[in-house]
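Chain by chain, the residues:
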Amino acid sequence: MIRYSVTIQRGCFGGCTFCSITEHEGRIIQNRSEDSVVREIEHIRDQAPGFTGQISDLGGPTANMYRIACKDPKIEAACRRPSCVFPGICDNLNTNHSPLVQLYRRARAVPA
């Protein structure tokens, strides 16, 4: 499943007690640029042996956090909450998924 998947982000602001992603990748999401992701898709398309034309995943260890971050870098730097989503979604968390949807659309349009 991961052979033809592309990592678009790392980190997690969930802070789940049963998971170590936040501990080893950080609480602040690190995102790849759209151009970098598209270049990797093109590389897979053009050079991966046995590629069938379908990328199995655009994501990372956490779901749907691409380009999601605190609305203010100063607040983010001072924040000590272990989770931005528990027990409720933080008012300072930008939850706009438009950049992720745009990336999905652009990745789908990479011609063969």
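Structural data are supplied above this passage.
The structure contained in this document is the topic of the report that follows.

About the thresholds
- Residues numbered from 1 in each chain as written.
- Predicted model: local features only at pLDDT ≥ 70, side-chain atom pairs only at ≥ 80, totals over all residues.
- Heavy atoms only, no water.
- Helix = DSSP H or I, 4+ residues; strand = E, 2+ residues; numbered from the N terminus.
- Buried < 20%, exposed > 50% of the residue type's maximum accessible area, 1.4 Å probe, protein only.
- Polar contact = N/O pair within 3.5 Å; in protein donor to acceptor, adjacent residues only side chain to side chain.
- Contact = heavy atoms within 4.5 Å.

Here we look at unusual backbone geometry
- Following Phe-86, the chain continues into Pro-87 via a peptide bond in cis, with omega recorded as 10 degrees.
- Checked against the element boundaries, Pro-87 lands in the loop between helix 3 (73-78) and strand 6 (93-94).
- Phi at Asn-64 takes a positive value of approximately 55 degrees, unusual for a residue other than glycine.
- Among the structural elements, Asn-64 can be located in the loop between strand 4 (57-59) and strand 5 (69-70).
- Residue Asn-64 is classed as partly exposed on the basis of its relative accessible area of 45%.
- One non-glycine residue with positive phi stands out, namely Arg-67, at about 60 degrees.

A closer look at the side chain of Ser-5
- By the element assignment, Ser-5 lies in strand 1 (residues 5-7).
- Judged by relative accessible area, which is 18%, Ser-5 ranks as buried.
- Only 3.0 Å separates the side chain of Ser-5 from the backbone oxygen of Ile-2, close enough to count as a polar contact.
- In contact with Ser-5, not counting residues within four places along its chain, are Glu-40, Ile-44, Ile-55, Ser-56 and Asp-57.

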